[in-house]
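Each chain, letter by letter, is given below.
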Amino acid sequence: MSDAASSPPHALSLRIAHLYPDVMNIYGDRGNAIALQYRCEARGIAVEVVDIRLGDPFDPAAFDIVIIGGGQDREQRRIAEDLQSRAEALRAAATDGMPMLAVCGGFQLFGRRYVDQDGGTIPGISIFDMETRHPGAAVQRCIGDIVLTTPLGEVAGFENHGGRTYLADTQAPFGRVVRGYGNNAEDGGEGARTNNVIGTYLHGSLLPKNPAIADELILAALRRRCGEAVTLTPIDDAAEQAAHTSAVTAARRSPAIKKDP
Amino acid sequence: MVARLAGQLGGGCVLVTGTNGKTTTSRVLASILREARQPLLHNREGSNLMRGIASALLSAAGPSGRIAGSERMLGLFETDEATLPAAARTLAPRAIAFTNLFRDQLDRYGEVDSVFEFWRRALAGTPASATLVLNADDPSVAELAEGWSGPVEWFGLDAPEFATTSGGAFDARWCRECGGTFEYDLRYFAHVGYWRCPGCGRARVERPAVVARQITLSVESSMFVVDGLGAVTMPLTGLYNVSNALAAIAMARVLGIEDGPIVRGLAGVEAAFGRQETVVVEGRKLRLMLVKNPAGANQVLQLLGALARSADSKPLHVAVLLNDRFADGQDVSWTWDVDFEPLAQSLGRVWVGGTRAPDMALRLKYAHWPAAAAVEESPATLLDAILRDTSAGDDVFVVPTYTALLDFRGELARRGAVGEFWVHE
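Residues numbered from 1 in each chain as written. Chains lettered and ligands numbered in written order. Predicted model: local features only at pLDDT ≥ 70, side-chain atom pairs only at ≥ 80, totals over all residues. Heavy atoms only, no water.

Student: Looking at this model, I keep getting lost on the overall build of chain B. Mind explaining?
Tutor: What chain B contains, in helices and strands, is 13 helices and 17 strands. In terms of overall dimensions, chain B is globule-like: its C-alpha atoms have a radius of gyration of 21 Å, near the 22 Å expected for 425 residues. Over its C-alpha atoms, taken along the principal directions, chain B stretches across nearly 55 × 55 × 40 Å. Every one of the 425 residues in chain B was classed for burial, and the buried ones make up 61%. Accessible surface, chain B: about 15,500 Å² in total, of which carbon and sulfur atoms supply 50%. (Helix = DSSP H or I, 4+ residues; strand = E, 2+ residues; numbered from the N terminus. Rg over C-alpha atoms; globule rule 2.2 N^0.38 Å. Buried < 20%, exposed > 50% of the residue type's maximum accessible area, 1.4 Å probe, protein only. Areas by Shrake-Rupley, 256 points an atom, 1.4 Å probe, with all protein chains shown as cover.)

Student: Explain the interface of chain B and chain A here, please?
Tutor: Many structure descriptions define interface size as the accessible area lost when the parts assemble. Facing 30 residues of chain B, the contacting portion of chain A comprises 38 residues. Where chain B abuts chain A, roughly 3,100 Å² becomes buried across the two surfaces, and 49% of that area is made up of carbon and sulfur atoms. Applying the counting rule to chain B against chain A returns four salt bridges. One salt bridge connects A:Lys209 with B:Asp359, and the closest N-O pair in it is separated by 3.8 Å. (Contact = heavy atoms within 4.5 Å. Buried area = accessible area lost by both parts, 1.4 Å probe. Salt bridge = Lys/Arg side-chain N within 4 Å of Asp/Glu carboxyl O.)

Student: Would you mind going over the nonpolar core with me for this structure?
Tutor: Nonpolar side chains in soluble globular proteins tend to be buried together. Residue and element names in this part refer to chain A. Ranked by size, the top nonpolar core spans 74 residues in total, and within it Leu19, Leu36, Leu90, Met100, Phe110, Ile127 and Leu207 carry the most contacts. The biggest single contributor to this core is helix H6 (residues 211–226), with seven residues. Met100 has contacts with Val66, Leu90, Ala93, Ala94, Phe110, Ile127, Asn196, Val197, Ile198 and Leu217, leaving out every residue within four places of it along the chain. (Core = buried A, V, L, I, M, F, W, Y, C linked by side-chain atoms within 4.5 Å.)

Student: Looking at this model, I keep getting lost on the domain arrangement of chain B. Mind explaining?
Tutor: All names here are of chain B. Domain parsing of chain B yields domain 1 (2–268) and domain 2 (275–414). Taking only C-alpha atoms, the centre of domain 1 and the centre of domain 2 are 27 Å apart. Listed as interface residues are 26 residues of domain 1 and, on the opposing side, 23 residues of domain 2. Of the roughly 2,100 Å² buried between domain 1 and domain 2 on both sides combined, carbon and sulfur atoms contribute 51%. At the junction of domain 1 with domain 2, the criterion picks out one salt bridge. When the shortest N-O distance is used, the salt bridge between Glu220 and Arg287 registers 3.1 Å. Taken together, domain 1 and domain 2 are joined by five residue pairs in polar contact (both at pLDDT 80 or more). At the level of elements, helix H2 (22–35), helix H5 (106–109), strand E7 (183–189) and helix H8 (239–254) are the ones that each hand at least two residues to the side of domain 1 that touches domain 2. Class assignment for the residues of the side of domain 1 that touches domain 2 results in eight nonpolar, 13 polar and five charged. (Domains from an automatic or database assignment. Polar contact = N/O pair within 3.5 Å; in protein donor to acceptor, adjacent residues only side chain to side chain. Nonpolar A, V, L, I, M, F, W, Y, C, P; charged D, E, K, R; others polar.)

Student: Got a minute to help me understand the packing of helix H1 (residues 30–41) of chain A against helix H11 (residues 357–366) of chain B in this structure?
Tutor: Packed helices, taken two at a time, are described by the angle between their axes plus the distance between the axes. Where H1(A) meets H11(B), the closest approach of the two axes is 10 Å, and the angle between their N-to-C directions is 60°. Viewed along their axes, H1(A) and H11(B) adopt a mutual orientation that is oblique. Judged by the sense of rotation from one axis to the other, the crossing of H1(A) with H11(B) is left-handed. Residues A:Arg30, A:Ile34, A:Ala35, A:Tyr38 and A:Arg39 of H1(A) touch H11(B), and the partners they reach there are B:Arg363, B:Lys365 and B:Tyr366. Along the lines of polarity and charge, the residues of the contact of H1(A) with H11(B) split into four nonpolar, no polar and four charged. (Axes fitted to C-alpha atoms, helices over the stretch in contact; angles between N-to-C directions. Parallel < 35°, antiparallel > 145°, perpendicular 65-115°, else oblique. Left-handed = near helix turned anticlockwise from the far one by under 90°.)

Student: Just to check I follow, could you spell out helix H3 (residues 50–61) of chain B for this structure?
Tutor: Because each turn of an α-helix spans 3.6 residues, side chains separated by three or four positions in sequence point in the same direction. Residues and elements named next belong to chain B. Between its terminal C-alpha atoms H3 stretches 16 Å, which fits the 16 Å expected from 12 residues at 1.5 Å a residue. Those residues of H3 that fall on the buried side of the exposure criterion are Gly52, Ile53, Ala54, Ala56, Leu57 and Ala61. Gly62 sits one or two positions beyond H3 and adopts a positive phi of about 65°. (Expected span 1.5 Å × (residues − 1).)

Student: Looking at this model, I keep getting lost on the confidence of the model for chain A. Mind explaining?
Tutor: When the pLDDT values of chain A are averaged, the result is 91; 93% of them are 70 or greater. Per-residue pLDDT stays below 50 along residues 1–5 of chain A; that stretch engages in two contacts with residues further than four places along the chain or on separate chains. (pLDDT = per-residue confidence, 0-100.)

Student: Teacher, can you tell me more about the packing of aromatic side chains here?
Tutor: Aromatic ring pairs are described here by two measures, namely the spacing of the ring centres and the angle between the planes. Taken as a whole, this structure holds 10 aromatic pairs over all chains when the rule is applied. Pairing A:Phe58 with A:Phe63 gives two aromatic rings, centres 5.7 Å apart and planes at 45°, and the pair type is tilted. Pair check on accessibility: A:Phe58 and A:Phe63 agree, each one buried. Look at A:Phe110 and A:Phe128: their rings are 6.3 Å apart centre to centre, the planes differ by 45°, and that puts the pair in the tilted class. In this pair, A:Phe110 sits in the loop between helix H4 (105–109) and strand E5 (113–115) while A:Phe128 sits in the loop between strand E6 (121–123) and strand E7 (130–133), placing the two residues 18 residues apart along the sequence. Taken as a pair, A:Phe110 and A:Phe128 share a single burial class, namely buried. Through successive ring pairs, a cluster of aromatic residues spans A:Phe107, A:Phe110, A:Phe128 and A:Tyr201. A cation over an aromatic ring shows up here: B:Arg176 above the ring of B:Phe116, its NZ or CZ 3.9 Å from the ring centre. (Phe/Tyr/Trp six-rings, centres within 6.5 Å; stacked < 30°, edge-to-face > 60°. Lys NZ or Arg CZ within 6 Å of the ring centre and 35° of its normal.)

Student: I keep staring at the sheet that holds strand E13 (residues 284–289) of chain B and nothing clicks. Help me out?
Tutor: Whenever strands of a sheet pair, they do so through backbone hydrogen bonds, lying parallel or antiparallel. Residues and elements named next belong to chain B. Pairing is mixed across the open sheet formed by six strands, whose spatial order is E12-E13-E17-E14-E15-E16. The open sheet has two edge strands with one neighbour each: strand E12 (275–281) and strand E16 (374–376). Each neighbouring strand pair of the sheet contributes to a mean axis angle of 20°, computed without reference to strand direction. In terms of strand pairing, strand E15 (residues 347–353) meets E16 through three bridges, oriented parallel. Residue pairing in the sheet places Val352 in a bridge with Val375 of E16. Across the face of the sheet, helix H12 (residues 379–389) comes into contact with E12, E13, strand E14 (316–321), E15, E16 and strand E17 (395–400) while running at roughly 165° to E15. (Pairing = 2+ DSSP bridges.)

Student: Would you mind showing me how to read the pairing of strand E8 (residues 192–196) of chain B here?
Tutor: Two faces make up the sheet, and in a regular strand the side chains alternate between them. In this structure, E7(B) lies alongside E8(B), joined through five bridges in antiparallel fashion. Bridged to B:Glu183 within E8(B) is B:Arg196.

Student: Would you explain the side chain of B:Ser70 in this entry?
Tutor: Residue and element names in this part refer to chain B. Mapped onto the elements, Ser70 comes out in the loop between H3 and strand E3 (74–78). Of the polar contacts made by the side chain of Ser70, one reaches the backbone oxygen of Ile67; its length is 3.2 Å. Sequence-distant contacts of Ser70, that is, excluding residues within four places in its chain, are made with Gln8, Leu9 and Gly10.

See the structure below:
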């Protein structure tokens, strides 16, 4: 039995907002919501995942964690406008330490802007100081298994993006590329991190096979609610670690760091 | 050269395309055409790129360059979605059947929208004398009728008892004409069902020419009623295969085939490679159910759920095999778009295999499936575990991705349970 003072209270329930799950879901992004829910429930923490769709009322202050995935170009344009209407509230929540996970297209929209191949600009919500540019259809997409080193340990996954993301000098990346392309196939950075907001191109099943990131988000949420003394009970991660190792092994089969020619 | 060879075919050419069901639809249609004594030239299962179509024509022509008996011969070509523009331009088809459009191996094809654009481009190069055979239930396929000046033969399911509320992976949410959000009176899986667009008023056609109703599914067959044909039986099961059968029936009608051969062709069809193929090993009936993408996997899981709910059912023994080679899609994140959760309460033994077995095991753990009795990358060890954990007479549903199917079937062949199978492509 862990120290009562450091365990989350039993009646505690975390609320997770899943933004545009019906649109921004092209690469199994649902897996991240499933993983957060599973890992909370395994520790006796109740979870409510609330789907926020286009036009739905949404007050970030009523939630503990926000997640958003990636979509197809046509669909992404449509949600970008809706997201703008929530930009101020999301920025305030990010500054206040709310944990968020933005993946792939969602990650791009958390930057300042997305410039498409014809030079058209889609404004982002500027949680991250970065911009994404699409180099045009003639330039290959960044597709493949990817491994990072991050302050949370080794992270493994799969990336598939046309846009190249460039961070401002003062913007921290999420990790450094060990295998794969990363943000722009040039500078070896991957993703972005500001306070408890993580942005990354590693899509779909990021959290299930990288449980340390899932737990980081959960712990940050609990600490906002119950104070810094809260800790997480360890749970059996054998299956998670095996999947992680399997993804790292898959990435090792391809060339190390990939760059644009 | 391909165009010249195809030009010899007096019966012309027909093409079958779509994300899922190409192989089975082509197979059912071939069975019907054989019953109708229609001389037939077709490509090998799965060899559905231009070179597969070319090699079928070339090997029929031989060194002489003349296809023997070509005066009455019909070309039936299963065609990859991205190959359709080239195939339509080269073969000038009499008819093209479109089964459905789902997300599929995005690391190879790009986005679902790009596939739709391939199809639009293909139709722009297709003579308007061609008939489109279209799935009325899939709004992405139905959309192809907009702007098509030639004839259309619609097919669709009338099966409210199979309606689902599960989320699944929607691959068509918005109307391409007006941007409206599709609404559904009933939905079978993903975005397939009785759809309508509140924006521009487009909707599923009310009365498709070919409709299946009163559908009953068993482990080994399906029974359904089609207007004009009465009750028909087919030794393939699952709502998705009934839809494939409708595509084949609609195409057969376009080709002027009479009802008798259609009914006999449905009854006599044999399962395609790994698609509900049953292999008996030491008395266990292994039922191989290939899955290639979230929509296909959801359909197989819905079928297993329906079988589990049937009156005399026992807990299901299921092996799931996930590979990440090129032909499977190297990105395994699609498994998170598959609804494994509803089956969790209906399971007996579970095994997990394939090159990414640990990823699959984790997906199933998070879907609250019973702990796998084995997580084995090696097909031989996996098969040993299945045999160890079951008894003669047991059914085992084996759900593999494409190359995992080849690996597993290879192991079955080594043990003499099935013939060797060589894949060209």
